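Structural characterization, general
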Amino acid sequence: MIQLFNVTKAYGKESVALREMSVHIEKGEFTYVTGPSGAGKTTFLSMLYGASRPTRGQILIDGINITRMARRQIPFLRRKIGVVFQDFKLLNSRSVYENVAFALEAQGKKRYEVSKKVYQALKEVGLEHRLQRRPIELSGGEQQRIAIARALVVDPLILLADEPSGNLDLEVTLEIMELFKRANARGTTVLLATHDNSLYQRFPKRVLGLEAGRLVMDHQP
Amino acid sequence: MLEKIRYFIRRALRNMRQWPVLCSAAILTMAVALATMATFFLVVLNIQGLATNWSQEIQVVAYFKTPPPRNQRAKLIQQVEAFVDVNQVVFISPTEALKRFSTRLGDDAGLLEGVSRTLLPASLEIRLKSGSHSREGVERVVAELKKDSRFNDVRFGQEWLERFENFVNLLKFAGLFLGSLFLLAALFIVSNTIKLTLYARRDELEIMALVGATKRFIQIPFLLEGALQGFAGGLLALGFLWLSFKLLLEKGLHSFWLTPVGFDPIFLSTEQQFMLVFSGVLLGLLGSLASLRKFVRL
């Protein structure tokens, strides 16, 4: 599903975020990307959804070389990928429903289809009763669940999560992890970037360890 | 397709409702820019109208060496009226000329007592067609008349005509130059106001790009919003212009004429009013487009 061949990402001559990284992630795999701050986790994920391009090397997603992809094709790549961030990236001026519907509307889905799928996605994360509320009126955990519903509503092939539990307490983190596991069980490939060791000790899966932009560990439980 | 269009309109309207302050700022900026340009245009339009009115007075007078015999006059008038630039020819006999002179002297008309009735020469007063009130038109008529040896002298106020033409040309040039300058300034201001509104909504743009919206999908509602704001700005400018025309300009222009000239100040024609509102739409569209190019980067 995801293949990296000698991928390097440099910002100028001095700053190298990722060095010669090669890795294969199979379809339906659950993988942690770990490492201290500045190890290159976010750079790695951002290249997978086309937010930045590698300086050298190739990236293949679902068999397509995205390093050679034209800019106008990037939106179509993103429709296969759901992304969840630490800071949720929700629109506080819109209702919960509208935030989730945004992802489907952007893909030009019909109105009735949008409402059906949004309701299902919110039910999946247990927030179907908060449809008309605004994200700002909800707790951090609930906001992250909305972000996950938005990422999953499009039935993505890949789910990328960048420190999704960074701002949440343990109880909420466990709820969120349960959602990721359920998505993974349905066949979605999940990549979760975290610096929280307790997460992969509690839910052991494949771990890719990064340090100063180098892949220093690839551990299968 | 229809559903997509409805979706875009719905989103544009919702955006405008959600950001009332930014939306009003954009509309007002465009209204002020358009009203300034339109006021200037209206003033130029009126001065040009007055100038055209004056130019109707331009005529050529051809003086005879000796008055032509009565039976030849009709033929002669016909001949001159056949010139491409000539509209109407009137024969003024020496008696008629003296009568006019005497009227003009008013109380001093007594000075002309005992003067021969044939003192003043007979002449033809030649009025030109509306398209020929230019130096070229006059020169063509004069050249034709000078070929005829029966005429002694041809008068047409050449110096005045040249000055008048230069004035009209200067007015047109100033109108074009200042108009373009205003347009550029308006575009710059509008584009920057819209840039501000987009800056306030950069999160929305970022999230849209993140969930796989194409560039066109992101841009269309914003362009539509710009066009709608431009339309509102155009209408507002038109309303403002009409009010200021009724309350200030009309009186101002009347006192500028100084003397009654039989020319009433004019307002924009229906087509020009339509063009003003359409300019607003165009301004909004271009302003949004210029700013969107900077903000929507996938």
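Residues numbered from 1 in each chain as written. Chains lettered and ligands numbered in written order. Predicted model: local features only at pLDDT ≥ 70, side-chain atom pairs only at ≥ 80, totals over all residues. Heavy atoms only, no water.

A few words now on the interface of chain A and chain B. Tallying the contact residues gives 21 residues for chain A and 19 residues for chain B. With both sides pooled, the region where chain A packs onto chain B buries about 2,000 Å², and carbon together with sulfur makes up 57% of that total. Among the residues of chain A in contact with chain B, Arg 78, Arg 94 and Phe 102 of chain A are the three that bury the most area, contributing 27% of the side total. The interface formed by chain A and chain B includes three salt bridges. Taking the shortest distance from any N to any O, the salt bridge between Glu 206 of chain B and Lys 89 of chain A comes out at 3.3 Å. Counting across the chain A and chain B interface gives six residue pairs in polar contact (both at pLDDT 80 or more). Elements with a contribution of two residues or more to the side of chain A that touches chain B: α2 (74-78) and α3 (96-105) of chain A. Here the side of chain A that touches chain B gets four residues from one element, more than from any other, and that element is α3 of chain A. (Contact = heavy atoms within 4.5 Å. Buried area = accessible area lost by both parts, 1.4 Å probe. Salt bridge = Lys/Arg side-chain N within 4 Å of Asp/Glu carboxyl O. Polar contact = N/O pair within 3.5 Å; in protein donor to acceptor, adjacent residues only side chain to side chain. Helix = DSSP H or I, 4+ residues; strand = E, 2+ residues; numbered from the N terminus.)

Our next topic: the domain arrangement of chain B. Split into domains, chain B comes out as domain 1 (2-54 + 163-295) and domain 2 (59-155). Just the C-alpha atoms count here: the centres of domain 1 of chain B and domain 2 of chain B sit 52 Å apart. (Domains from an automatic or database assignment.)

The next thing to look at is the layout of surface pockets. Considered as a void within the structure, the largest pocket measures approximately 660 Å³ in volume. Met 37, Phe 41, Gly 179, Leu 183 and Ser 279 of chain B are the residues nearest the centre of the largest pocket, which is lined by 26 residues in total. Considering each element in turn, the lining of the largest pocket owes the most residues, nine residues, to helix α6 (residues 158-200) of chain B. When grouped by side-chain class, the residues that make up the lining of the largest pocket number 19 nonpolar, six polar and one charged. In this structure, the second largest pocket spans a volume of roughly 460 Å³. Among the elements of the structure, α3 and α4 (111-124) of chain A together with α1 (2-18) of chain B are those that each provide at least two residues to the lining of the second largest pocket. (1 Å grid on protein atoms, 1.4 Å probe; cavity = no way out; pocket = protein on both sides within 12 Å on 5 of 7 lines; lining within 4 Å. Points joined across faces, edges and corners; volume = space filled by probe spheres on them. Nonpolar A, V, L, I, M, F, W, Y, C, P; charged D, E, K, R; others polar.)

Attention shifts here to the packing of aromatic side chains. Within the structure shown, the criterion is met by 11 aromatic pairs over all chains. Look at Phe 173 of chain B and Phe 177 of chain B: their rings are 6.2 Å apart centre to centre, the planes differ by 15°, and that puts the pair in the stacked class. Here the residue Phe 173 of chain B and the residue Phe 177 of chain B both occupy positions in helix α6, the gap between them amounting to four residues, near one helical turn. Classification of Phe 173 of chain B as exposed rests on a relative accessible area of 55%. Since its relative accessible area comes to 47%, Phe 177 of chain B is described here as partly exposed. On the numbers, 5.1 Å between centres and 50° between planes, the contact of Phe 245 of chain B with Phe 267 of chain B is tilted. One end of the pair, Phe 245 of chain B, is in helix α8 (residues 215-257); the other, Phe 267 of chain B, is in the loop between α8 and α9 (270-295), with 22 residues separating them in the sequence. Members of the aromatic cluster, each reached through a chain of ring pairs, are Phe 30, Tyr 32 and Tyr 200 of chain A. Over the face of the ring belonging to Phe 85 of chain A we find Lys 89 of chain A, whose NZ or CZ atom lies 5.1 Å from the ring centre. Over the ring of Tyr 199 of chain B we find Arg 202 of chain B; its NZ or CZ atom is 4.0 Å from the centre of that ring. (Phe/Tyr/Trp six-rings, centres within 6.5 Å; stacked < 30°, edge-to-face > 60°. Buried < 20%, exposed > 50% of the residue type's maximum accessible area, 1.4 Å probe, protein only. Lys NZ or Arg CZ within 6 Å of the ring centre and 35° of its normal.)

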